[in-house]
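Results of the structural survey
Each chain, written out:
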Amino acid sequence: MKKSTLAIRTQTPRTPQGEHATPLFLTSSFCFDNAESMRAAFADETDDNIYSRFSNPNVQEFTQKMVAIEGAEAGYAMASGMGAVFGSMMALLQQGDHLLSCQSIFGSTHTVIAKYLPKYGIETSYIAATASAAEWAAALRPNTKMVYLETPTNPGLDVLDIAMISALCKERGIILNVDNCFATPFNQTPIDFGADLVVHSATKWIDGQGRVLGGVVVGRADLIKEIYLFCRSTGPALSPFNAWVLSKSLETLEVRMEKHASNALYLAEQLSAHPALVDLRYPFLATHPQCDIAKKQMQNGGGIVCFNVKGGLAAGRQFLDRLQLLSLTANLGDARSIASHPASTTHAKLSEADRAAVGIGPGLIRISAGLEDKDDILADILQALG
Ligand SMILES: *Cc1c(COP(=O)(O)O)cnc(C)c1O
């Protein structure tokens, strides 16, 4: 069956109550009929549920849908996107290994890579989002165990060539781990381009209405097994309630992403020549420097548009203050459109030079296109631009 059907019809077996929607399994543990079935479950001879830190029917349903729509072999869901990012690194890396990461990554992921992994003797280094194949090859070391990237990047919207990078990793037996949060599996499936692992913050587009936190990692079964064993002992389990919300959200993800992307494309086209802007970026606009790569690996340009307003930091803040419809909030991927100004918020602690290195100008505005009418969103942005 196709991804759209699997995201809707993958379902926990019906209970004797005959319910149509999956019920909530709010239970911390599960019962056994006898000592022998309990022994066998603990010995991993059966896959019966034991305890919700290990597995739970709601979490399982959400995970199986993600596995199906990413085209993966296996998966494990966590309490947040950062739980997925951290678990996928800590379960597979050890002292003496090297992790190479694209420089333009989510802020907390940067903290994990720059501050925590080195504490455990794991070497880390960064490479620019726009690096060529030769630069990627040169940045790989004999002890490189994992390559980590996000595409499109947040918030600069650079697009990285997953097939090119995965070919370099495969030659050297390196694990390629891709954060697919920005695109979602209905827009981009990194495993089709050679990724070994895909991590997600389900908090964003997958939830889609700004309600719950969640994360998931899917990919090669042998790697997921290690991540599962690490997480079931260390505790970042996804709550059954959040999993229930996220599984229902997956039923509408495809249609939502089509509207988010068509709204974002409309905003990009209408605003790209606006005199108050220095520049505007959207992966499917011909003016985007990696538009060809985006069209090769993505179904659409996604739901995020970025632009730099003339006048730098002060103008960026003024733009936010003038907005009336769009929300000022740290999240993205909501039915409600959101504007953020990274230089004064998420990336305020970086120096101007460090911000520039990851594509963040002082007047950069990130718009997460919601599901409202496209002209209502555009009108608010236009009036805020003055
Ligand atoms: C939000 C986000 C994360 C972290 O996810 P949480 O659910 O907030 O822990 C990781 N990667 C990207 C690209 C994100 O946008």
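Residues numbered from 1 in each chain as written. Predicted model: local features only at pLDDT ≥ 70, side-chain atom pairs only at ≥ 80, totals over all residues. Heavy atoms only, no water.

Quick word on the sheet that holds strand E8 (residues 277-281)
Across the sheet, five strands lie side by side as E8-E9-E12-E11-E10; this open sheet has mixed pairing. Edge positions in the open sheet fall to E8 and strand E10 (327-328), since each of these has one partner strand only. Bridge count between E10 and strand E11 (residues 338-340): two bridges; the pairing is parallel. Its bridge partner lying in E11, Leu328 is registered against Ala339. (Pairing = 2+ DSSP bridges. Helix = DSSP H or I, 4+ residues; strand = E, 2+ residues; numbered from the N terminus.)

As for the layout of surface pockets
Put simply, the largest pocket is a space of about 970 Å³. Along its surface, the largest pocket is lined by 44 residues, and Phe106, Gly107, Ser108, Thr346 and His347 are the ones closest to its centre. Counting only elements with at least two residues in the lining of the largest pocket, the list comes to helix H4 (81-90), helix H5 (107-116), strand E6 (197-201) and E11. Ranked by residues supplied to the lining of the largest pocket, first place goes to H5 with five residues. When its residues are assigned to classes, the lining of the largest pocket shows 18 nonpolar, 20 polar and six charged. When residues of the lining of the largest pocket are assigned to domains, at least three map to each of domain 1 (3-250) and domain 2 (253-385). By volume, the second largest pocket is sized at about 810 Å³. Broken down by class, the residue content of the lining of the second largest pocket amounts to 16 nonpolar, eleven polar and eight charged. (1 Å grid on protein atoms, 1.4 Å probe; cavity = no way out; pocket = protein on both sides within 12 Å on 5 of 7 lines; lining within 4 Å. Points joined across faces, edges and corners; volume = space filled by probe spheres on them. Nonpolar A, V, L, I, M, F, W, Y, C, P; charged D, E, K, R; others polar. Domains from an automatic or database assignment.)

Side note on the domain arrangement of the protein
Taken domain by domain, the protein consists of domain 1 (3-250) and domain 2 (253-385). Between domain 1 and domain 2, the C-alpha centre-to-centre distance is 27 Å. On the side of domain 2, 39 residues touch domain 1, which itself brings 34 residues to the contact. Around 3000 Å² of area is buried between domain 1 and domain 2 when both sides are counted, 58% of it from carbon and sulfur atoms. Along the contact surface separating domain 1 from domain 2 lie two salt bridges. Across the pair Lys296 and Asp161 runs a salt bridge whose closest N-O atoms are separated by 2.9 Å. In this structure, the connection of domain 1 to domain 2 is made through 20 residue pairs in polar contact (both at pLDDT 80 or more). Considering only residue class, the side of domain 1 that touches domain 2 consists of 15 nonpolar, 15 polar and four charged. (Contact = heavy atoms within 4.5 Å. Buried area = accessible area lost by both parts, 1.4 Å probe. Salt bridge = Lys/Arg side-chain N within 4 Å of Asp/Glu carboxyl O. Polar contact = N/O pair within 3.5 Å; in protein donor to acceptor, adjacent residues only side chain to side chain.)

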